[in-house]
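Here is what each chain is made of, one letter per residue.
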Amino acid sequence: MMGLGGETVTSRQTSAEGASDAAAVGIDLVSHVKGVATLSHILGRKWTTTILIALAPTPVRHGPLCRRLSGISRKVLHESLNNLIEDGIVEKVIGVDDLDGVSVSYGLTPLGLSLAPVLMQMDQWCSRYLDELIDGESTGATQIRVERTH
């Protein structure tokens with residue numbers, strides 16, 4: 001495509017070009033996209049990342065977790081936790097002791113624990129770039145780069 005000054009404007013790679021680049025570095029795009037899409041679906045559900053970050057340090061009982069996540073209803077928390085249990089990321093921990101009798105708390109499974117550092121990095125990234133994200137979102141500005149091709 002031609003730009004304003006006659007230079008060639010490149011947009012996105014074709015899927016064939018992207019696939020060959022990925023193959024060159026040893027990435028199986030089908031499983032990569034499937035994995036990222038699956039994780040994006042899980043993390044895209046409302047409250048999920050917040051719940052996972054809240055559970056990252058140690059298992060938490062339902063009531064204190066609900067208080068820690070101000071703004072979430074007990075019902076929504078319960079449904080979200082059940083979804084995360086089905087996903088294999090959260091586990092329900094039932095404890096029995098002489099003082100409290102039976103207690104139920106929720107914690108991260110080994111899979112969830114392996115995801116926790118990624119979520120913490122995402123949280124740090126968002127803290128660092130939140131203003132830019134909000135500015136771009138509110139202005140609707142898009143970035144366009146013109147490249148000359150040979």
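The structure presented is a predicted model; accordingly, all values stated were derived computationally and were not measured.

Draft legend 1. Spotlight on the sheet that holds strand β2 (residues 90-97). The strand order β1-β3-β2 describes an open sheet built from three strands, whose pairing is antiparallel. Each of the sheet's edge strands pairs with one partner strand only, and the pair in question is β1 (60-61) and β2. In this sheet, strand β3 (residues 101-108) lies alongside β1 in antiparallel orientation, the contact comprising two bridges. What sits directly across from V60, in β3, is Y106. Helix α3 (residues 48-55) contacts β1, β2 and β3 of the sheet and is inclined by roughly 115 degrees relative to β3.

Draft legend 2. Up close: the pairing of β2. Direction of pairing for β2 relative to β3: antiparallel, over a ladder of eight bridges. Bridging across to β3, E91 finds its partner in G107. Connecting β2 to the next strand, β3, in antiparallel fashion are three residues.

Reading the values: the criteria
- Each chain has its residues counted from 1, running along the sequence as written.
- The predicted nature of this model means local features are confined to residues of pLDDT at least 70 and side-chain atom pairs, given and counted, to a pLDDT of 80 or more, with totals for whole chains, interfaces and linings taken over all residues.
- For side-chain calculations, the full set of non-hydrogen atoms in the structure is used, while hydrogens and water are omitted.
- Should DSSP find at least two bridges between two strands, the strands are regarded as paired.
- Secondary structure elements are defined from DSSP: runs of H or I of at least 4 residues count as helices, runs of E of at least 2 residues count as strands, and each element is numbered from the N terminus.
- In this description, contact between two residues means that some pair of their heavy atoms is separated by no more than 4.5 Å.
- Note on method: axes are straight lines fitted to C-alpha atoms, helices fitted across the in-contact stretch only, with angles between N-to-C directions ranging 0 to 180 degrees.

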